[in-house]
Amino acid sequence: MNVRPSALIIQDNKVLTLRYCYGDSEVYALPGGNPDPGECLSEALSRELHEELGIKAKVSGMICSGEVIWPEIKKETLHMVFQAEIASGTPVLNPEETTALEIVWLPINELVSKQLYPNVGTQIQAYLDKSWAPAHIGTLVQPYVS
């Protein structure tokens with residue numbers, strides 16, 4: 001099972017996402033990536049944010065974790081979503097480090113209507129409304145797009 005830390009970065013009631021297009025599907029991913037050998041999750045997340053977006057970030061507590069299981073391609077990923085904030089820099093895509101098409105600041109109230117990766121829009125909204133505490137949420141329903 002792969003482990004993928006990702007960042008919830010909020011500014012002006014909007015969430016930083018990266019837009020990808022797979023076939024006819026648009027997917028909005030929380031920025032993040034895979035740890036290198038010997039790297040802890042917060043270090044990996046900080047490195048990925050710097051490499052892909054050119055920002056330095058302060059990573060804090062975990063918001064949620066959940067598994068995506070895709071039997072179609074025999075792949076499983078444990079997603080760990082962390083609260084983060086931009087310490088310095090302005091997000092700009094680095095095409096050498098990501099295949100994302102653009103940076104999109106999604107309004108918080110649109111999180112449940114967009115296809116997110118990982119698919120945690122409902123949990124993020126509940127966390128921000130303080131009606132849900134950080135937790136492992138089990139298997140996420142994540143549509144597979146090719």
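Just so we're clear, the structure is a prediction, and the values are computed from it rather than from any experiment.

Student: Got a sec to walk through the packing of aromatic side chains? Specific residues and values, please.
Tutor: Counted under the stated rule, the structure contains two aromatic pairs. With 5.9 Å between their ring centres and 5° between their planes, Tyr20 and Tyr22 make a pair best called stacked. Residue classification places Tyr20 among the buried residues on the basis of a relative accessible area of 13%. Relative to Tyr117, the ring of Trp70 lies with its centre 6.0 Å away and its plane at 15°, an arrangement referred to as stacked. Residue Trp70 is located in strand 4 (residues 56-70), and its partner Tyr117 is located in strand 7 (residues 116-117); the two are separated by 47 residues in the primary sequence. Summarising the burial analysis for this pair, Trp70 and Tyr117 share the class buried.

Student: Give me the pairing of strand 4: which residues, what numbers.
Tutor: Note that strand 4 and strand 5 (residues 75-88) share 12 bridges and pair antiparallel. In the sheet register, Lys58 faces strand 5, and the bridge partner there is Glu85. Connecting strand 4 to the antiparallel partner strand 5 that follows it, the hairpin turn spans four residues, and Lys74 within it adopts a positive phi of roughly 50°.

Calculation rules
- Here the residue numbering is sequential within each chain, running from 1 through the sequence in written order.
- Totals for whole chains, interfaces and linings use all residues, but because this is a predicted model, local features are given only for residues with pLDDT of at least 70 and pairs of side-chain atoms are given and counted only at 80 or more.
- The basis for every side-chain value is the complete set of heavy atoms in the structure, and neither hydrogens nor water enter the calculation.
- Between the rings of Phe, Tyr and Trp (Trp by its six-membered ring), a pair exists once the centres lie within 6.5 Å; its type follows the angle of the planes, with under 30 degrees stacked, over 60 edge-to-face, and the other angles tilted.
- The buried label applies to any residue whose accessible area, calculated with a 1.4 Å probe on protein chains only, is under 20% of its type's maximum; exposed applies above 50%, and partly exposed to all values in between.
- For the purposes of this entry, the term helix denotes a DSSP run of H or I that reaches at least four residues, the term strand denotes a run of E that reaches at least two, and both are numbered from the N terminus.
- Only strands joined by at least two bridges in the DSSP assignment are considered to pair.

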